[in-house]
Amino acid sequence: MASPRAASQVTFSDMSRLFVYEDEEVYRNNIAYNKEEYDAISAANFYDTIRLRNQISSAPYDSPVASLRHIIKKKTITIHEVIGIENSLLYKPSYVKKVRKKHSKAVLQKQHEQRQQELEDPIKSLAEFATKSSSKSIFPARVRALWTTHLKF
């Protein structure tokens, strides 16, 4: 039998410190990818996506998610090859863009309506609306969570 967990506590320090770093050119030039590195990474991701899409489409399932699961279980590809490009694999970029745009438009419209109604607690109401509106965006996150936690590859 598991022992009961102690209640979590949050404590705040009475002191804080500020560290100021000199803006060194060497550091500034190495904190992010330069254009050539970014282009190389983008190209590699593009070709990985094409390769994996071809494997998904050749799997014996109608659903891209089921096909992806199948080829991961068969060890044709690893889960590590998929993480980070799963939206590119499972959805067309136009679909992802459309879902995000629709969600943003709906939230902004609701916010506009709330301002006209002068509600007492518009933040909670807007948060609830945004949660319901983003249900299509939640699906890919759930798929990622399923891959990384529940499936044994």
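Values in this document were obtained by computation on a predicted structure and should not be read as measured data.

Peer 1: Can you walk me through the overall build of the protein chain in this structure?
Peer 2: In terms of regular secondary structure, the protein chain is built from eight helices and zero strands. Here the protein chain holds 153 residues, and 17% of them are scored as buried. In the protein chain, of all internal contacts separated by at least 6 residues, the share reaching a separation of at least 24 is 56%. Of the roughly 13200 Å² of accessible surface on the protein chain, 55% is carried by carbon and sulfur atoms.

Peer 1: Can you help me understand the pattern of salt bridges in this one?
Peer 2: Two side chains of opposite charge can pair, provided their charged atoms sit close to one another. Applying the stated criterion to the full structure yields two salt bridges. Residue lysine 35 is joined to aspartate 39 by a salt bridge in which the shortest nitrogen-to-oxygen separation is 3.0 Å. One end of the pair, lysine 35, and the other, aspartate 39, are both in helix H2 (residues 35–58), four residues apart, so they sit about a helical turn from each other. Using a relative accessible area of 36% as the deciding quantity, one classes aspartate 39 as partly exposed. With its nearest N and O atoms 3.8 Å apart, the salt bridge here joins arginine 51 to aspartate 48.

Peer 1: Would you explain the side chain of serine 67 in this entry?
Peer 2: If you trace the backbone, serine 67 turns up in helix H3 (residues 64–73). For serine 67, a relative accessible area of 1% translates into the label buried. Sequence-distant contacts of serine 67, defined by excluding residues within four places in its chain, comprise Ile56, Ala59 and Tyr61.

Peer 1: Please explain a nonpolar patch on the surface as it appears in this structure.
Peer 2: A cluster of nonpolar side chains, contributed by Tyr33, Tyr38 and Ile41, occupies part of the molecular surface with about 360 Å² of accessible area. Tracing the backbone shows isoleucine 41 in helix H2.

Peer 1: Mind showing me how you'd approach the packing of helix H6 (residues 93–117) against helix H7 (residues 122–133) here?
Peer 2: For any two helices packed against each other, one specifies the inter-axial angle together with the distance between the axes. The N-to-C vectors of H6 and H7 enclose an angle of 155°; their axes lie 10 Å apart at closest approach. When the axis of H6 is compared with that of H7, the two are roughly antiparallel. Remark: the crossing between H6 and H7 carries right-handed chirality. Of the residues in H7, those in contact with His103, Ala106, Val107, Lys110, Gln111 and Gln114 of H6 are Pro122, Ser125, Leu126, Phe129, Ala130 and Ser133.

Analysis parameters
- Residues numbered from 1 in each chain as written.
- Predicted model: local features only at pLDDT ≥ 70, side-chain atom pairs only at ≥ 80, totals over all residues.
- Heavy atoms only, no water.
- Helix = DSSP H or I, 4+ residues; strand = E, 2+ residues; numbered from the N terminus.
- Buried < 20%, exposed > 50% of the residue type's maximum accessible area, 1.4 Å probe, protein only.
- Contact = heavy atoms within 4.5 Å.
- Areas by Shrake-Rupley, 256 points an atom, 1.4 Å probe, with all protein chains shown as cover.
- Salt bridge = Lys/Arg side-chain N within 4 Å of Asp/Glu carboxyl O.
- Patch = residues over 30% accessible without salt bridge, like charges linked within 9 Å, V, L, I, M, F, W, Y side chains within 5 Å.
- Axes fitted to C-alpha atoms, helices over the stretch in contact; angles between N-to-C directions.
- Parallel < 35°, antiparallel > 145°, perpendicular 65-115°, else oblique.
- Left-handed = near helix turned anticlockwise from the far one by under 90°.

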